[in-house]
Amino acid sequence: MVKCRIVYAILMVILSAFTATLVVITRTNNLAKAEIDDDYKYAISTAPQGLKIDKNTFYISKFPENSAKVVASTNPNTHDTDIVQITNNRNQLGAIWSKVDNRNYIDINNEQTFSMWMYFGKQNSQAGDGMALVLQNDSREAIAKGPDGKPLFGQTLGVWGGDFDNNLTDPNVIANMAIKNSWAVEFDTFEDKNIDYKSILGLNNSFDATRNGDHIAYNYPDSPETYMSKTAIAPSSGVTPRHYFEMKHNVIRDNMNLSDGKWHHVTMCWDPTTSTMQLAYDDKEPDGTDTSWPIISTMPIDVSHFKLTDNKLRWGFTGATGTEFENNMVVFESIPAYVKGRTSTQIFDVTRNKYLDSTIKGKAVNNGDDLELIYNLEYLSGSKEWEGITASIDLPTNLIYTGGSIIYEDGSIEDIPLSKLKDKQLVYKLQRNLSENNLTAQIKLDGIANSDHSINIAKTHSSFKGDSFITYDDLQAFNIKVNKQILIDSKKENPIKLDKPADINIEGTARYLDNSYFYNRIFLLHTVLNGASEKTTSMSSDTLKGVFNTLIKSGDLRPGKNTLKIFVTDLYGNYSNELNFEIQIGKGTVAFGNVQKTVSFHTIHGQLPGSIIPRQGSWQVEVVDDRPAGASWEMQVYADSLYKGNDKFNGNIVYRDQEGKINPIAEPLSIFKQTKDVNDSQKINISDFWDSDRGVLLKMDGSNLMGEYSGQIHWVLIDGV
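Counting of residues starts from 1 at the beginning of each chain's written sequence and follows it residue by residue. Local features in this predicted model are restricted to residues whose pLDDT is 70 or higher, and side-chain atom pairs enter the listing and the counts only when it is 80 or higher, whereas totals over whole chains, interfaces and linings include all residues. Excluded from the side-chain calculations are hydrogens and water; all other atoms, namely the structure's heavy atoms, are used.

Asker: So what exactly am I meant to see when it comes to the overall build of the chain here?
Answerer: In terms of helices and strands, the chain carries two helices and 54 strands. Taking 721 residues into account, the globule formula puts the C-alpha radius of gyration at 27 Å, and the chain, at 37 Å, lies well above it. If you line up the chain on its principal axes, its C-alpha atoms span 115 × 80 × 60 Å. Working definition: with a 1.4 Å probe on protein chains only, accessible area under 20% of the residue-type maximum means buried, over 50% means exposed, and in between means partly exposed. Buried residues in the chain amount to 50% of all 721 residues. Contact criterion: two residues are considered in contact whenever any of their non-hydrogen atoms come within 4.5 Å of each other. In the chain, the share of contacts with a sequence separation of at least 24, taken over all contacts with a separation of at least 6, comes to 75%. Carbon together with sulfur atoms contributes 48% to the accessible area of the chain, which is approximately 34200 Å² in total. The distance from the centre of the 71 positive side-chain charges to the centre of the 90 negative ones in the chain is 2 Å. By definition, any uninterrupted DSSP run of H or I lasting at least four residues is a helix, any uninterrupted run of E lasting at least two residues is a strand, and each is numbered from the N terminus. For the radius of gyration, the atom set is restricted to C-alpha positions; the globular benchmark scales as 2.2 Å times the number of residues to the power 0.38. Areas reported here follow the Shrake-Rupley algorithm with a probe of radius 1.4 Å; residue values treat only the protein chains shown as occluding. We treat Lys and Arg as the positive residues and Asp and Glu as the negative residues; His and chain ends play no part in the count. All charge positions are set by atom: Lys at NZ, Arg at CZ, Asp at CG, Glu at CD.

In structure tokens, the structure reads:
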């Protein structure tokens, strides 16, 4: 990407019919250099948490022009973090590659996740040129090179081919200059879109002809299909047309401002089952908390393009600047093949013997409850151990901490000194690594909920930083309740009986039991119809104080019995008693409930004629009756003969009643009758009324061939007796 925004410049242009030569003499822009130096100091002083970079992890290419180097963070909160500076001035080119021979590679046969922070300066629209994340099977010294073997700057970003001949139309020539056997996603901070006849001078500045602003895009740098030959028509006849190349961008996002003075988090996830790489850009804040609107894209990758002989793929970064420039920097957070791990968090209310969840009731604890804050660390796979893990855990407020411990997979326990739990944050280094031989560690912090008033405790953040893997997690928000009972009531008839479905309005009242003052808007009304998902609405301020209305739509009601649960909570986590309504639509129904599809009898070990073979296990033949009291039903049963292929079983399925009489059931036989004596819905499993030698059994009439016989049993439900 060569740009010509010149300060105090003298231009001399010599034109002929076939060539154009541009001679530029410039003076140093001290102000711009001072600005980028200030930006450099700002960048390293605000660097997020990342890994240390040593000679065994990454390799800085040795071509003479390489501007890449490792510098230390000056941020006091991340002093143990290294930064890879790709560029920091004009006309620079940088490249850094993973050391495959030291287990830093992408294992294409397994899921891989790697993440980093990227910084593009704060030049805004005057930045250039950007960086590229590259996967390649070229060599450690891989860099885009011209026909003369010299590295290419500008719009190539050090990975794409270069366009320096306005007579050229063959994309193979361009592709041959790129890094071989490669795939790249570029973070481009400059529009190279000089495509009019006069500006096409073989200056390698037309790849972004149809792009708008900074952009993120991907493709294969060494593929001729990535480069599209275009022609600029001469302004007059008799003048030779000029040619240029536009790059085919698989665009993730256009019209961006990458050089905004911020560190941007990037997570890459490789899925070998679909051969795709997912990119998430701006998915985390500098403290590791999740952002609300990350840019996410799933990119297909043809693995055969890399021409690998094993499963190990080199990866790294290239970057370049031209006349416009920026501080291009990377902080590595996790290495793909080193460690794959994950974390999760929970809160366990010891007093109430339950885990908290995110529902209003589910995240409430009572003042004085004993709580366990649980942080689960899990090692999934990797070529290295997850070693040197330091847990930095923001501690929720309004807890009296009484102790802490770490429980490893083998059951060994490591105590956390109580003195570590006195401040707002626990910083503690685990004494053991996680690996294939020690997969898990569970950090438990014990505390007592402590508040003189009901209070919402915000979610808290934690990080777990090892030498080769860093991850973050959040502990859920919860509410400490100083119990303040809410009482609700309704004069609506119960049960509610309708001949056919219709809208139902249920009015009720809500108040604090101590009659303390409140506004309707602090109350939330919760309804659960027929056990479905809970619906939550605010109590309307338009109604009388303490009065609620809930409308049940006719379309949500089903024939027969419906159940409706209503309760109220307030913004402080207090909750009310429950109102439970029964809504009866029509006369109700009787139907089969859970009926076991496959049943069996005990294995036969003898051949005695007349033997009775009992059932295997518990059978389930359930009937559900939603009709009112007085309704009745009858169950009948009949069974087919049993066969093993064409061989018929010498015997039959029979029914032995309570008096011990054995009844054949080749034809339907009545075996159970029921008349309801309650209005509530009733479930009956008829097999519950059978002893082991009663009910449906198998009677053997003579000897049989060995093997498995099968047939069908038919259950017949009759409405009314």
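Having put the structure on the table, let's press on.
Asker: I'm lost on the sheet that holds strand β52 (residues 682-685) in this one. Help?
Answerer: Consider a sheet: its strands pair through backbone hydrogen bonds, and that pairing is either parallel or antiparallel. Strand pairing is defined by DSSP finding a minimum of two bridges between the two strands. Spatial ordering of the open sheet is given by β41-β45-β52, a layout of three strands whose pairing is antiparallel. Each edge of the sheet is formed by a strand with only one pairing partner; in this case those strands are β41 (590-595) and β52. Strand-to-strand, the axes of this sheet are offset by a mean angle of 25°, without reference to chain direction. Across four bridges, β41 lies against strand β45 (residues 621-625) in antiparallel orientation. For V595, the partnering residue across the bridge sits in β45 and is V621. All axes are obtained by fitting lines to C-alpha atoms, using only the stretch in contact for helices, and the reported angles, taken between N-to-C directions, cover 0 to 180 degrees.

Asker: Explanation requested: unusual backbone geometry in the structure shown.
Answerer: Glycine aside, residues mostly have negative phi angles, and peptide bonds mostly take the trans form. With an omega dihedral of 0°, the bond running from G128 to D129 counts as a cis peptide bond. Of note, D129 is situated in the loop between β8 (112-119) and β9 (130-136). Here the amide bond leading from N494 into P495 is cis, since omega sits at 10°, within 30 degrees of zero. Mapped onto the fold, P495 is located in the loop between β33 (486-489) and β34 (496-498). In this structure, N91 takes a positive phi of about 50° despite not being glycine. Take N91: it is sitting in the loop between β5 (82-87) and β6 (93-98). With phi around 60°, N398 is a residue other than glycine that occupies positive phi space.

Asker: For this particular structure, what's the right way to read the layout of surface pockets?
Answerer: Where empty space is left can be seen by rolling a probe of water-molecule size over the atoms. With a 1 Å grid laid over protein atoms only, a set of points is called a cavity when a 1.4 Å probe fits there but cannot get out and a pocket when it is open yet has protein on both sides within 12 Å along at least five of seven lines; lining residues have an atom within 4 Å of a point. Grid points are joined across faces, edges and corners, and a volume is the space filled by probe spheres set on the points. Put simply, the largest pocket is a space of about 800 Å³. Put simply, the parts of the chain that give the lining of the largest pocket at least two residues each are β42 (600-601), β53 (695-700) and β54 (713-719). Here the lining of the largest pocket is built from residues that sort into 16 nonpolar, 14 polar and two charged. Estimated volume of the second largest pocket: approximately 600 Å³. Lining the second largest pocket are 25 residues; nearest its centre among them are Q49, N77, T78, S392 and S463. Amino acids are sorted into nonpolar (Ala, Val, Leu, Ile, Met, Phe, Trp, Tyr, Cys and Pro), charged (Asp, Glu, Lys and Arg) and polar (every other residue, Gly among them).

Asker: Is there a simple way to think about the sheet that holds strand β40 (residues 579-585) in this case?
Answerer: Read from one edge of the open sheet, five strands run β34-β40-β39-β36-β37, paired in mixed fashion. In this open sheet, the two edge strands, each paired with only one partner strand, are β34 and β37 (535-538). For this sheet the average axis-to-axis angle between neighbouring strands, irrespective of direction, equals 20°. Pairing analysis gives seven bridges linking strand β36 (residues 523-529) to strand β39 (residues 560-570), with the strands arranged antiparallel.

Asker: Looking at this structure, I do not really get the side chain of T156. What am I missing?
Answerer: Within the secondary structure, T156 sits in the loop between β9 and α2 (171-175). Judged by relative accessible area, which is 0%, T156 ranks as buried. Here a polar contact is recorded for every N or O atom pair within 3.5 Å, except that within protein the pair must consist of a potential hydrogen donor and a potential acceptor, and residues adjacent in sequence are included only if both atoms are side-chain atoms. Polar contacts involving the side chain of T156 include one to the main-chain carbonyl oxygen of F153, which spans 3.0 Å.

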